[in-house]
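Listed below, chain by chain, are the residues.
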Amino acid sequence: GTVCFFDSSLDEQVADRAVLEQAMRVGIHHGQFVPHYQPIVTLASGEVQSLELLCRWQHPDRGLLAPAHFIQLAEDSGLIGAMMLSLLHQACKDLPRFPAHWRLSINVAPQQILDAALVPQLLAVLREHGVPPSRLDVELTETALVSDTARAREVMQAMKAAGITVT
């Protein structure tokens, strides 16, 4: 008892999304997601205290893509964790170029907080590159904290116990 109209542009959007998701899988494996660093400055002194790790995708055909073009897809497809770990590996390689007192700040998506392997994975990456956990700041989004407060609390406690700062 209803009328539906076919819109071919919807098919194109779905196909483009599937192609982009597959390219994302390949891109994670090949290190196409590259770190960009934004300094976090102490207002009182004007000195850099840490670097926020930002992600850009150096897509082989589309060029350098900003997060608005791929983060939601990474979250929806379950690739956000693998992308973040790949990016963290690269950032840990870069960290020796910066002053030893600078910290690295990363954002954790809501889906990652529910992953029991998150803290061990973070610690494994840090250990592999000889980066002490005290140099890592993890930022949890408000939606992550609200969606499952008990799990978020467990993860925050595990990070703090390991020496990672949680904000």
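Residues numbered from 1 in each chain as written. Predicted model: local features only at pLDDT ≥ 70, side-chain atom pairs only at ≥ 80, totals over all residues. Heavy atoms only, no water.

For this particular structure, what's the right way to read helix α5 (residues 118–128)?
The α-helix winds at 3.6 residues per turn, so residues separated by three or four positions along the chain end up facing the same way. Those residues of α5 that fall on the buried side of the exposure criterion are L118, V119, L122, V125 and L126. Here the buried residues of α5 occupy an arc of 130 degrees about the axis, which is enough to place them on one side. Facing away from the buried surface of α5 by more than 90 degrees, the exposed residues are R127 and E128. Directly after α5, the chain includes G130, whose backbone phi takes a positive value near 70 degrees. (Buried < 20%, exposed > 50% of the residue type's maximum accessible area, 1.4 Å probe, protein only. Helix = DSSP H or I, 4+ residues; strand = E, 2+ residues; numbered from the N terminus. Arc of directions from axis to C-beta.)

Honestly, the layout of surface pockets in this entry has me stumped. Any pointers?
Once rolled over the atoms, a probe with the size of a water molecule shows which space is left empty. Its boundaries defined by the atoms lining it, the largest pocket holds a volume of some 290 Å³. Every residue lining the largest pocket is counted, 16 residues in all, and those nearest its centre are L53, C55, I71, I80 and N107. Mapped by element, the contributors of at least two residues to the lining of the largest pocket are β2 (48–59), α2 (71–77), α3 (80–94) and β4 (103–108). No other element matches the 4 residues that α3 contributes to the lining of the largest pocket. (1 Å grid on protein atoms, 1.4 Å probe; cavity = no way out; pocket = protein on both sides within 12 Å on 5 of 7 lines; lining within 4 Å. Points joined across faces, edges and corners; volume = space filled by probe spheres on them.)

Is there a simple way to think about the pattern of salt bridges in this case?
Any two side chains of opposite charge can pair, so long as their charged atoms come close to each other. In this structure the tally under the stated criterion is 6 salt bridges. With a shortest N-O distance of 3.5 Å, D94 and R97 are connected by a salt bridge. Residue class for D94 comes out buried when judged on its relative accessible area of 18%. With a relative accessible area of 60%, R97 lands in the exposed category. (Salt bridge = Lys/Arg side-chain N within 4 Å of Asp/Glu carboxyl O.)

Please explain the environment of S45 as it appears in this structure.
Relative to the elements of secondary structure, S45 occurs in the loop between β1 (33–41) and β2. Residues S45 and R151 lie 106 residues apart in sequence; the distance between their C-alpha atoms is 37 Å. Separated by 3.2 Å, the side chain of S45 and the backbone nitrogen of E47 make a polar contact. (Polar contact = N/O pair within 3.5 Å; in protein donor to acceptor, adjacent residues only side chain to side chain.)

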